[in-house]
Amino acid sequence: MESAAAMPTESRAILVVEDDRDIREILVAALEDEGFRTIAANNGRRALDVLGSLRELPGLILLDLMMEEMGGREFLEILHREHRHDGWAEIPVLVSSAAGAGALAALPKTAGTFRKPFDLDELVRVAETYCPRITPPGVLPS
Amino acid sequence: MTTASIPSGATRTASAVWNAKDQILRRWEERARGGTLGRGRGRKDGLSLAPILPAFLDALAEGLADEKTEVHFPPSLEPAVRALVASASLADVVIEWGILREVLFDTLEAERPLLSDHRLLLHRMVDEGIHAAAMELSRVRAVETAEARRLQHAVEYAPLLVVLLDATGRILDANDRALRVTGTPRTEELGRPFWDASWWSAQPDAAARAKEAVEAAVGGENVRYDAHYGSPSEDRWGDFSFRPIVDADGRVCTIVVSGIDVTDRYRLLEETRLRASEIRRSESLFAVTDGEMGLCFVNDAGRRLLGLPPSGPLERTSVTSLLEPEDAERFRATILSMLAQSEQWEGELRFRHRETGQAIDLQCCIFRLGNTAAHAAASYAFVAHDLREERRSDYALALERRNFEHLFQESPHLVATLRGPEHVFESVNPAYVRLLRRDARGISIRVAQPEAEGSGLFELLDRVYASGVTVRSREHPVPVPGRVGYFNFIVAARRDWEGRIDGVTILATDITEVVRARKSAESAQRELRDLIAQFPTPMCLLQGPELVFALANDAFTTLWGDEDRVILGRRLKDALPELASAAELELAQRVYRTGEPLRLLELPVPIRRGGHGASTHYVNLLLHPKRNDRGEIEGVIAAVTDVTEHVVARQAAQENEARFRLLAEVLPQVIWELGTNGELVYCNAYWSSFCGLGDDDALKDWRQSLDPEQTEMVRRVWTDATKTGTPFEMEVRLKRASDETFRWFLMRGRPVRDRRRGAVSKWLVAAMDIHAQKEASAWSDAMVDALPNPLWLMEPGTGRILYKSRVASELEAHRVPNGVGPEQWPTLYPITDEDDRPLPIEEYPGYRAAHGDFSPRAAVWHAPGGRISFLSSAAMIPARFGRPATVAFMIQDVSALTRTERALRAALASRDQFLSIASHELKTPLTSLRLLTQSAKRRFSAGRDTSLAPERLMAFVEQTDRSVHRLMRLVDDMLDASRIASGQLSYHSEPIDLGALVDEVVERLRPQAEGLGVPIRVERSDFFEGFWDRLRIDQVLTNLLTNALRYGGRSPVEIVVRRDGNDAVLEVADRGPGIPLECRERVFERFERLPNDESVPGLGLGLFLCREIVGHYGGRIAVESEPGLGARFIVRLPLR
């Protein structure tokens, strides 16, 4: 993990966890447009599977709260309860929700929260602090 | 030659001798022969006595028959005897005589015993013969010594004692029989003087008598006498004969002593004498008559019984002359002839006392004596005893026993015999058993009566048992079962037949009651004396005609005041001179004279006290004669009660009464006095005029003036009041005579009690005209009842409910009476807050109002008719117009308002929820749109590569379109929900093939289902058509199918379309987790989603819409679900 952080040329991916297919696809497309590497999962359970399959952990997780099968809240709890020692719990998480501010309160430690519909500029700015871009914006990955 | 005395009455024996003569002779011969042969003497010739015996027996019988007292031995026998001596052995003769005697008695007694007299006679007769033979024998022996040997033999075998003496009286020889008497050896006896011989030893005189006899015989005399002889152990009598034998020179050379044992004869003689004496002394009658029933002999008792002279000749008094005439006749006619035949008669005869003429019943036994020939010279013996005596003594004995038994059994006294030193109950009478409560027989008194331990009773018994002295103990206290009793005891020793004490007898009388009564009487008398002395009523006893004060109690002397005045022992007129002139003295004297008690009430008497001069007192005076034990009047008892105060008070009361009447007459109210039955005793002028009575009219029963409707109520109030004797109050309507109208009166009654007895004697009733108030009050009550809201009037401070309006009463279902206080409210008025929590009584709005808190309050009353939410209001109504201050308490039923408010609140909450859900749902497509636009904007604004690949552009457009479409659908849904709420959902019905529509929807959703990996199976019948709105039914199908895909846990979904009668039935089923029971109805509500389902987006309107649409076409939608086995939604739509 530390060795990964010590390699500035290698930007780490953003894990997008979102059940709404449109939002997920648009988000992935937009972030990749901006030069980020992305991995997508359509609920918490799938996200955990994805994390387990990666060689390199993502630099940021974009997490929706309301999802079928496993919602964002449950995902976070598992992360903090079961993955303290393998570094998963250390991954910064941005939580997004269409619900009111109340739904976002009292969550386990996160990097920040976004309320839907979120501002892409802001999202890009925050993502950059965690995951430096590997390609300039506008260059779509091959 | 020889004589024998023959007693009279021997004839029967004589005849017996005659009759048995041949038999005697035959037996004698047999035995004499046998006897001699037995001795082996070998006699060949005939028996010696044979020739003379028949003659001897004849002579014997003749003598007996002639009843001669002295019979000469027949002279005809003498030659025969001489011949016998000459020719025969004299020894044989003696033996044969002996045998004769035995045979004679045996034969005669074979049939019946001989009379003792006859036995005696026969003995003597035979013994004479033997003696005679012996004498002949001795004479022959002296002269014919040749006969010595045979003589010796005869002597040895004769039933005689034979002793030979020499001329000096010494014993020469004695036969064995003589020696056997004492058992002395022959050698010792021989040579002794006869008088020293051993057989005189029994009687001292006998030796001297023998010596005299020997001396006389030596002198040549024949001597004969009866003498005692024998051994010391056996005293016998002998008939001794001394015969001197003279030798050739004429000198006495030998003396022959022969003795016949006559002991038997003597005994017989003695017995006869004894009998004769018994007969003389006997209490029974013995008499002997001659053949003509002339009395020859009557014993002393007989003479007494029959009234004959105690001694002296009987002058041949006839038996029949002594009998009662009737029995005399019977005696002559029958009894005599019976006697002639049977020799004996037994029966009862009634004699008459010679002197007194009294009848005497005798039990008689009459024997015929004498010859068998009837009416021959027979005589009769009477043995009789007094039946009266016997009967009397038998009866007396039986009576005595019965009386004793009765006494023992029935006696109230305790009777018992105790045996031995342990005092064991032997017999105990029922009274004693009752006392002991057990049958104590066989038990020691110490065990049977353990309570008596320590009372001294046992010691008393011990003392009597030891000393034999009878002891009496009076009022002896002894504990007995259950109490302590007092007893008088008589304890005596009982002795056995030898006179030894073997027990004691107890006779005890239970005098407990007596002792108690006496003690209580003593104490009662003492108490009575004390009582009179201390009695508060003045009492005195005047004694004698002069009426002297014998006794006066303290109260009496106090009444007649002066302490120094002495009245005891003085006459009434002296001691109390102020009374002397008064009538009292005369009255007291009259009581003394007549004995009639006198009672005088409220008698005015002058009483002088403390020297203040006489004042008039009123007294009740009771004069009662005092009689002594004999019932004679010896004085007068006077009891005085001073009733002055009472009399004075009554006089005052009478004045009060008059004053009351006057007042009553002027009062402007009805005033009555009623008797205990309610009858009008008095009424004042007001009432007289009210009910139209003239001055002379009789009082009318007030109850006739009552309003008939109130009669029952008034009767009840009156009955209650008279039953309890308590005041009453009621409002009644009384008819006014002047205009025949009823007017309201407030009527109050109070009982008036008899001062002495405390019983109600009459009632005072006052009635006030309250008609005006009543009218006003009725108006206000009517107004209150007219109020639409319930109203209660309460007593301030207590909260007691005084009145309630009609509406209030109806809400209470008329269950609560007036007058109930707060203590009963919790049960009668259940009040809670809005959440149905019971309020404490202090928080009851009514309670608060009663205590001055009039602020409006909200609460819930669970009234009989249902739950009432109310808002209270209260106010104080001040006392006015005779009515007390009251708290008016009113409630406003706000249940409807509350319900509306609740519905509104629910609607608001629902709307908020809807908005929250709606905004969330809206944000999703909006987020997509915003991301799309911002992404595009960033691309263009940053001067980056703006070219866009066609597929990217296409994706961009599709995503935009989808989001917009999604927004539109949400808006439609919201509009639908809103329209449903306002009832404005529109329907455009047209013929539809439901199956085709199902296929269409399934096709549309198939991609989504495949994306989830859920297979959909459709089962439908060919064709049927309904008339519905296509879009709406599409909505229903879409919603159900979407739900199945969404909530079915990716289980296969099955759709069935079928026709059931006039209904089309659509079923959509999954095999997912199912729907919990409590949610099955709620899922059809607006904005309802399954719990914990924030992860699934949606407005929660789907099933709500379905129900609305199906309902619009008159159909139904329902869900069946087994948890874990999936859910099945069933839609039933009428085809028409």
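Please read these numbers as outputs of a predicted model, since none were measured by experiment. (Residues numbered from 1 in each chain as written. Chains lettered and ligands numbered in written order. Predicted model: local features only at pLDDT ≥ 70, side-chain atom pairs only at ≥ 80, totals over all residues. Heavy atoms only, no water.)

(A) Seen up close, helix H4 (residues 72-82) of chain A. Residue and element names in this part refer to chain A. Those residues of H4 lying buried are Gly72, Phe75, Leu76, Ile78 and Leu79. Buried residues of H4, seen end-on, are gathered within an arc of 160° and therefore sit on one face of the element. When the buried face of H4 is taken as reference, the exposed residues oriented beyond 90 degrees from it are Arg81 and Glu82. Buried residues in H4 make contact with helix H3 (44-53), strand S3 (60-64) and strand S4 (93-97). (Buried < 20%, exposed > 50% of the residue type's maximum accessible area, 1.4 Å probe, protein only. Helix = DSSP H or I, 4+ residues; strand = E, 2+ residues; numbered from the N terminus. Arc of directions from axis to C-beta. Contact = heavy atoms within 4.5 Å.)

(B) Local environment of helix H34 (residues 1102-1112) of chain B. All names here are of chain B. Looking at H34, one finds that the buried residues are Gly1102, Leu1103, Phe1104, Leu1105, Cys1106, Ile1109 and Val1110. Packing partners of the buried residues in H34 comprise helix H31 (950-982), helix H33 (1030-1047), strand S39 (1116-1121) and strand S40 (1127-1134). One or two residues past the end of H34 sits Gly1114, with phi positive at roughly 75°.

(C) Region of interest: the sheet that holds strand S37 (residues 1053-1060) of chain B. Residues and elements named next belong to chain B. The strand order across the open sheet built from five strands is S35-S37-S38-S40-S39, with neighbouring strands paired in mixed fashion. What marks the edges here is a single partner per strand, and that holds for strand S35 (1016-1020) and S39. Shown here is a sheet whose adjacent strand axes are inclined to one another by a mean of 15°, direction ignored. With five bridges connecting them, S35 and S37 associate as parallel partners. Paired with Glu1019 across the bridge in S37 is Val1056. The sheet strands contacting H33 are S35, S37, strand S38 (1063-1069), S39 and S40, and the helix crosses S38 at an angle near 25°. (Pairing = 2+ DSSP bridges. Axes fitted to C-alpha atoms, helices over the stretch in contact; angles between N-to-C directions.)

(D) Here's a closer look at the nonpolar core. With 52 residues, the main nonpolar core has B:Trp1028, B:Ile1033, B:Leu1040, B:Val1053, B:Ile1055 and B:Leu1066 as its most contacted residues. Core analysis: the next-biggest nonpolar cluster, separate from the first, contains 28 residues, B:Leu435, B:Ala440, B:Ile443 and B:Phe487 among them. (Core = buried A, V, L, I, M, F, W, Y, C linked by side-chain atoms within 4.5 Å.)

(E) Representation of the interface of chain A and chain B in the model. If you look at the interface, chain A gives 29 residues, while chain B gives 25 residues. Interface area for chain A against chain B, summed over the two sides, is near 2700 Å², with a carbon-plus-sulfur share of 50%. One can count seven salt bridges joining chain A with chain B. The salt bridge involving A:Asp22 is made with B:Arg962; its shortest N-O contact spans 2.3 Å. Taken together, the connections running from chain A to chain B amount to nine residue pairs in polar contact (both at pLDDT 80 or more). (Buried area = accessible area lost by both parts, 1.4 Å probe. Salt bridge = Lys/Arg side-chain N within 4 Å of Asp/Glu carboxyl O. Polar contact = N/O pair within 3.5 Å; in protein donor to acceptor, adjacent residues only side chain to side chain.)

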